[in-house]
Amino acid sequence: MEALQAGGWGLVAGLALVLGAAVGYLRPLGATVVALVMAFGSGVLISAMAFELIAEAHEKGGLIPTSLGAFGGAAVYTGANALLARRGARHRKRSAPGRQPSEEDVSGSGTAIALGAALDGIPESVVIGASLIGGGGVSWATVAAVFISNVPEGLSSAAGMRRAGRPTAYVFGLWGSIAAVSGLAALAGFLLLGDASGTALAVITAVAAGAILAMIADTMIPEAYEEAHLLTGLVTVTGFLVSFGMSHA
C-alpha cells in the first residue's frame, strides 16, 4: 500500500507539469508573469531543499555524508545538463521568443529537451518516494514544494515550445510522459531505498537535494531574472517563506 502511495504522490507532483504546460501552451501568459511565477517556484524549492532534505540528511548521516552527497548530486546534474545543452536543451525552461530551438534549427533538440525534463524531475520524485520509508507518511511540505515549483516549470517550457513550433501532441505527450516517469521514480525511491541504512539514505537524499539546487541555479533563476529582473529576488524570497511556513506548520 505504501509503495502505491509513493508512486501516487510522485504522479500528483508530476501532473503539475501538465497543468503548467496547459496554461503555457493553450493560454500563454506574459513573459514577466511567467518569470515571476518561476521565481516564486525557485524560492519554494530552495526552502524545501534546505529545511526538508538537507536537514533530514544531516540528521540521519551527519555533515560529511550530507556534504559529499549534495556535491556529488550537483556535479552529476551539471555534467548531464552540459551534455544535453550541447544538443539543444540549454533553454528548455525558457519562454522568451527565440530561446528554444525548433527541430529544424537543431536536429535532435526535441529528444534532448525531453531528457532534460526527465533529468530535472527524477531527483524530486525519488525524494518524495523515500519520504514514506519508515511508515511516517509522505512529506507534505516536499510534495507541495515540488508541485508548486513544477507548475511554472511546465508553464515556461511549454510557452517556449509553442513559440519554437513544437506540435501540441509533442508538448503534452512529453509532459504526460514526465508525469508518469515522476510516479515511477517515486515508486522506485520507496522500493529501492527501503532497506538502506541511515547513512546511505542520508547520502541519497543529499544527492537529490544537490541535483535540485543545481537545477534551480542553472535553469529556473536565469529564466526568472531574464524577464523579471530586480523583482526576482523579492519574489524568490516570498516563495521561500511560503515553503518555510508549510514545513513548520
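Residues numbered from 1 in each chain as written. Predicted model: local features only at pLDDT ≥ 70, side-chain atom pairs only at ≥ 80, totals over all residues. Heavy atoms only, no water.

Undergrad: Looking at this structure, how should I read the overall build of the protein chain?
TA: A tally of regular secondary structure across the protein chain gives eight helices and zero strands. Taken from N to C terminus, the helices and strands of the protein chain fall in the order α-α-α-α-α-α-α-α. Counting across all 249 residues of the protein chain, residues that qualify as buried make up 48%. Pairs at least 24 apart in sequence give 86% of the contacts found in the protein chain among residues at least 6 apart. Accessible surface for the protein chain amounts to roughly 10600 Å². Of this, 69% is attributable to carbon and sulfur atoms. (Helix = DSSP H or I, 4+ residues; strand = E, 2+ residues; numbered from the N terminus. Buried < 20%, exposed > 50% of the residue type's maximum accessible area, 1.4 Å probe, protein only. Contact = heavy atoms within 4.5 Å. Areas by Shrake-Rupley, 256 points an atom, 1.4 Å probe, with all protein chains shown as cover.)

Undergrad: Before we go on, may I ask you to explain the environment of L45 in this structure?
TA: Within the secondary structure, L45 sits in helix α2 (residues 31–61). Along the backbone, L45 and I216 are 171 residues apart, and their C-alpha atoms lie at a distance of 8.0 Å. Among residues more than four places away in sequence, those in contact with L45 are E124, A145, V146, S149, E153, I212, M215, I216 and M220.

Undergrad: Can you help me understand a nonpolar patch on the surface in this one?
TA: Side chains of L63, I64 and L68 sit close together on the surface and give an oily, nonpolar patch of about 350 Å² of accessible area. Its location among the elements puts L63 in helix α3 (residues 63–89). Judged by its relative accessible area of 57%, L63 falls in the exposed class. (Patch = residues over 30% accessible without salt bridge, like charges linked within 9 Å, V, L, I, M, F, W, Y side chains within 5 Å. Salt bridge = Lys/Arg side-chain N within 4 Å of Asp/Glu carboxyl O.)

Undergrad: Can you walk me through the nonpolar core in this structure?
TA: Across soluble globular proteins, nonpolar side chains show a tendency to be buried alongside one another. Residues L45, M49, L53, I128, I212, M215 and M220 are the most contacted members of the largest nonpolar core, which totals 29 residues. Elements with a contribution of two residues or more to this core: α1 (2–26), α2, α4 (109–130), α5 (140–163) and α7 (198–228). By residue number, the principal contributor to this core is α7, which donates nine residues. Formed by 11 residues, the second largest nonpolar core is a distinct cluster that contains L17, M161, V171 and W175. (Core = buried A, V, L, I, M, F, W, Y, C linked by side-chain atoms within 4.5 Å.)

Undergrad: How do you make sense of the packing of α2 against α5 when you look at a structure like this?
TA: Two quantities define a packed helix pair, namely the angle between the axes and the distance from one axis to the other. Orientation of α2 relative to α5, taken along the N-to-C sense of each, is 155°, at an axis distance of 8 Å. Between α2 and α5, the angle falls in the class roughly antiparallel. The chirality of how α2 crosses α5 is left-handed. Note on element contacts: α5 touches α2 through A141, T142, A145, V146, I148, S149, P152, E153, L155 and S156, opposite V34, V37, M38, F40, G41, V44, L45, A48, E52 and L53. When its residues are assigned to classes, the contact of α2 with α5 shows 14 nonpolar, four polar and two charged. (Axes fitted to C-alpha atoms, helices over the stretch in contact; angles between N-to-C directions. Parallel < 35°, antiparallel > 145°, perpendicular 65-115°, else oblique. Left-handed = near helix turned anticlockwise from the far one by under 90°. Nonpolar A, V, L, I, M, F, W, Y, C, P; charged D, E, K, R; others polar.)

Undergrad: In this structure, what is going on with unusual backbone geometry? I would like to understand it.
TA: Leave glycine aside and you will find that most residues have negative phi; peptide bonds, for their part, are mostly trans. Positioned with a positive phi, H229 is a non-glycine residue whose angle comes to about 55°. Here H229 is to be found in the loop between α7 and α8 (231–247). Take H229: its relative accessible area is 42%, and that puts it in the partly exposed class.

Undergrad: When you look at helix α6 (residues 168–193) in this model, what are you seeing that I'm missing?
TA: The periodicity of an α-helix, 3.6 residues per turn, causes residues three or four places apart in sequence to face the same way. Here α6 contains 26 residues, and its C-alpha end-to-end distance of 37 Å stays within 8% of the 38 Å for a straight helix at 1.5 Å per residue. If you check which residues of α6 are buried, you get V171, L174, W175, I178, A179, S182, G183, A185, A186, G189, F190 and L193. (Expected span 1.5 Å × (residues − 1).)

Undergrad: Please clarify how the side chain of S47 should be interpreted in this entry.
TA: Among the structural elements, S47 can be located in helix α2. Exposure remark for S47: the relative accessible area of 1% places this residue in the buried category. Those residues within four positions of S47 in sequence are excluded, and the remaining contacts are E52, F240, S243 and F244.

Undergrad: What is the right way to look at the UniProt feature "transmembrane region" (unreviewed entry) in the protein chain in this model?
TA: Residues annotated in UniProt with the feature "transmembrane region" (unreviewed entry) correspond here to residues 6–26, 33–51, 63–84, 169–193, 199–216 and 228–246. Taken as a whole, residues 169–193 contains 100% helix and 0% strand, while its terminal C-alpha atoms sit 35 Å from one another. Each end of residues 228–246 is marked by a C-alpha atom, and these two atoms are 25 Å apart; helix forms 89% of the span and strand 0%. (UniProt positions renumbered as here; feature names shortened; annotations may be inferred.)

Undergrad: What's the story with the packing of aromatic side chains in this structure? I'm lost.
TA: For any pair of aromatic rings, the description consists of the separation of the ring centres together with the inter-plane angle of the planes. Under the criterion given, the structure shown has three aromatic pairs. Arranged with centres 4.8 Å apart and planes meeting at 65°, the rings of F51 and F244 form a pair that is edge-to-face. Note that F51 is positioned in helix α2 and F244 in helix α8, a separation of 193 residues in sequence. Following the ring pairs from residue to residue traces out a cluster consisting of F51, F240 and F244. The aromatic ring of Y25 is capped on one face by R162, whose charged end is 6.0 Å from the ring centroid. Over the face of the ring belonging to Y170 we find R166, whose NZ or CZ atom lies 5.4 Å from the ring centre. (Phe/Tyr/Trp six-rings, centres within 6.5 Å; stacked < 30°, edge-to-face > 60°. Lys NZ or Arg CZ within 6 Å of the ring centre and 35° of its normal.)

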